Amino acid sequence: MKKVIECSHAIAEAVKLCKPAVIPMFPITPQTHIVERLADFINEGSLDSEMIHVESEHSAMSAAIGSSAAGTRTFTATNSQGLLLMSEMVFVASGMRLPIVMAIANRAVSSPINIWCDHSDSMAVRDSGWIQLYCESTQEAFDTIIQAFKVAEKTFLPAMVCVDGFSLTHVWEPADILSSKEVDKFLPKYKPMFSLDPKKPVTMGPIAFPNTYQDFKKQQHDAMKESLKEIVDVNKEFKSKFNRSYGNGLIETYKMDDAKIVYVCMGSLCTTVRGVIDDYRKKGKKVGMIKIKCFRPFPTENILDVTKDVENLLVIDKAVSLGNEPIVFNEIKSALYGKNIKLRSYVAGLGGRDVTHYMLRKALEDKDKGGEEWLG
Amino acid sequence: MSKKLNIGGVITEPGSTKHYKTGDWRTFRPYWDKTKCIQCMRCWQFCPDISIPQKDGKRQDTDFDFCKGCGICAKECPVKCIVMNKEKK
């Protein structure tokens, strides 16, 4: 059913439809509306989940690990300082191969303290072994939560669904909210490979000595790479059932058929970029966009496929790697090693700064300069 | 991958630590003088590694497969029938 809904509430609706048994949570701006709404659902009796009010995000992820290890579907949400506080357990969850789904309401990281959007928080844990899916719209956030549970539970990899704090989480827009029946048909019950059961004792999270540790990391690395296919398949299946998809699930392209100058970006910024591209297209300029939806695992092959005839790439990062090139730019450059494409890096929108059409047009004018520029 | 390992390092057989012998961590080796021992079982109680077996209420020889040589038994022994000597390798 289509309705006008706040993105955070749409995420909560999606979580409700996935019926997690446990939701450990600690509130943090701008994630609060997601977990508040879930608490409402539990209170009114429309969601039969155990919500655990913990004393910190470190405990939230620890409780999520416990409930997932017990073999139940588990959801939580956080961002910024909360994600950093739980980061120790974020690595534990992926190492234990527990398919927890976590919404990230992307927010800048202190210091200075700032509650508005950029991607510094999720980028800080990009190597943690979690799948990272970035969303552009309320509809995409809703759909991605449901898809993320399916991908995570098939691959035994935890997944983050990243939505821009405020600039998406607090936006009201129309979205098609699926029915419980529809989601039940798409998302089967979670079948754990191992679970904590007193009748069948197992040891989880034991020490691995130098003779096995590296092999476990290789297992995780291989699983992450193989999950690329799983994400594509789940996106395809979602499309066949609900007639909606986001590119191939890994990247989405906009007006790329003959594009020579191409923006690369993630999250809600993509909508602004679409507008800029439409303006340029009216003037006959061959401009397009690659939206990276899946940042981890990184879809190198897909980037190569769509950039065969591209002359300029303008990569916009909403996070920085202080002392080096910005992160998405670095990944793109690495993916395109040896290709004859002019690259230029832009840092924009840190700590919630607006990224305007004017800035994006300026970025395009400077396309041949190479190097890096901070917009705004 | 060369080894077959459960994902996430899950161990499905209980009691697997039995296979991991920690005795080679030892720097000091407890010597137990049976003749002075009063069988108070204090060493058995205090051993953090279950390395002092007992049978029918009687202390048995130290299990050197697991004894790490921490010296708690020697410290707690009321008649000082346990002494720690440097381990000879």
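Residues numbered from 1 in each chain as written. Chains lettered and ligands numbered in written order. Predicted model: local features only at pLDDT ≥ 70, side-chain atom pairs only at ≥ 80, totals over all residues.

Notes on the overall build of chain B
Helices and strands together make up the secondary structure of chain B, namely two helices and four strands. Along its sequence from the N terminus, chain B presents helices and strands in the succession β-α-β-β-α-β. Dimensions of chain B, computed from C-alpha atoms along their principal axes, come out at roughly 55 × 30 × 15 Å. Within chain B, the fraction of its 89 residues that count as buried is 16%. (Helix = DSSP H or I, 4+ residues; strand = E, 2+ residues; numbered from the N terminus. Buried ≥ 20, exposed ≤ 12 C-beta atoms within 10 Å, placed from the backbone.)

A short note on the interface of chain B and chain A
At the junction of the two partners, chain B supplies eleven residues and chain A supplies 18 residues. In terms of residue class, the side of chain B that touches chain A is made up of six nonpolar, four polar and one charged. (Contact = placed C-beta atoms within 7 Å. Nonpolar A, V, L, I, M, F, W, Y, C, P; charged D, E, K, R; others polar.)

Examining the domain arrangement of chain A
All names here are of chain A. You can read the domains of chain A as domain 1 (2-242) and domain 2 (251-374). Taking only C-alpha atoms into account, the centre of domain 1 sits 27 Å from that of domain 2. Across the contact, 27 residues belong to domain 1 and 20 residues belong to domain 2. Counting residues per element, the ones that place at least two in the side of domain 1 that touches domain 2 are α6 (120-124), β6 (131-134), β7 (159-164) and α9 (213-242). Sorting elements by how many residues they give to the side of domain 1 that touches domain 2 places α9 first, with five residues. Its residues assigned to classes, the side of domain 1 that touches domain 2 comprises 15 nonpolar, seven polar and five charged. (Domains from an automatic or database assignment.)

Quick look at the sheet that holds β6 of chain A
Residues and elements named next belong to chain A. Reading across the sheet, the five strands line up as β4-β5-β7-β6-β12 and stay open at both edges, with mixed pairing between neighbours. In the strand order of this sheet, the two ends are held by β4 (75-78) and β12 (294-296), each with one partner. The average angle at which neighbouring strand axes cross in this sheet is 25°, direction not considered. The sheet contact formed by β6 and β7 spans four bridges and is parallel. Across the sheet, Y134 pairs through a bridge with C162, a residue of β7. (Pairing = 2+ DSSP bridges. Axes fitted to C-alpha atoms, helices over the stretch in contact; angles between N-to-C directions.)

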